[in-house]
Amino acid sequence: MARLRDGLHLRRLTATVLAARGVHEPAEAARFLAPRLADLRPPEGIADLDRALGRLVPAVTGGERIGVFGDYDVDGVTTAAILTTMLRAFGPRWWRG
């Protein structure tokens, strides 16, 4: 924890939280605190991705109405917003409920 705190000039609480999350190396902590798109994992590991795309692609190309639902937390709202923005770029009709 001291390596994180001293190496990145972090507050003790920040270093403690990172260490509790299993982040112990300064380079790893730097990537965690300032993420880049290139650091994201490839989407192939997402559960049921093929199944979701198998349904989504025909819905978009067929002009079906698509509802987007997400959890009301940071990742759920962010994911719903990104998905909605992407789908709107493809131009389907939207159902709002």
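Report follows, based on the coordinates. In this text, all values refer to a predicted model and were calculated from it rather than measured experimentally. (Residues numbered from 1 in each chain as written. Predicted model: local features only at pLDDT ≥ 70, side-chain atom pairs only at ≥ 80, totals over all residues. Heavy atoms only, no water.)

Some points on the environment of Asp-71
- On the secondary structure map, Asp-71 appears in the loop between α4 (49–61) and α5 (74–90).
- Overall, the relative accessible area of 55% leaves Asp-71 in the exposed class.
- If sequence neighbours within four positions are ignored, Asp-71 has contacts with Gly-76 and Val-77. (Helix = DSSP H or I, 4+ residues; strand = E, 2+ residues; numbered from the N terminus. Buried < 20%, exposed > 50% of the residue type's maximum accessible area, 1.4 Å probe, protein only. Contact = heavy atoms within 4.5 Å.)

A short note on unusual backbone geometry
- Within the chain, His-9 stands out as a residue other than glycine whose phi angle is a positive 55 degrees.
- With respect to the secondary-structure elements, His-9 resides in the loop between α1 (2–8) and α2 (12–20).
- Residue His-9 is classed as exposed on the basis of its relative accessible area, which comes to 71%.
- Even without a glycine there, the phi angle at Asp-48 is positive, about 60 degrees.
- One can find Asp-48 in the loop between α3 (26–33) and α4.

Structural notes on the pattern of salt bridges
- This structure, assessed with the given rule, holds three salt bridges.
- For Asp-39, the salt bridge goes to Arg-36, with nearest N and O atoms at 3.9 Å.
- For Asp-39, a relative accessible area of 35% translates into the label partly exposed.
- Its salt-bridge partner being Arg-55, residue Glu-64 comes within 2.6 Å of it at the nearest N-O pair. (Salt bridge = Lys/Arg side-chain N within 4 Å of Asp/Glu carboxyl O.)

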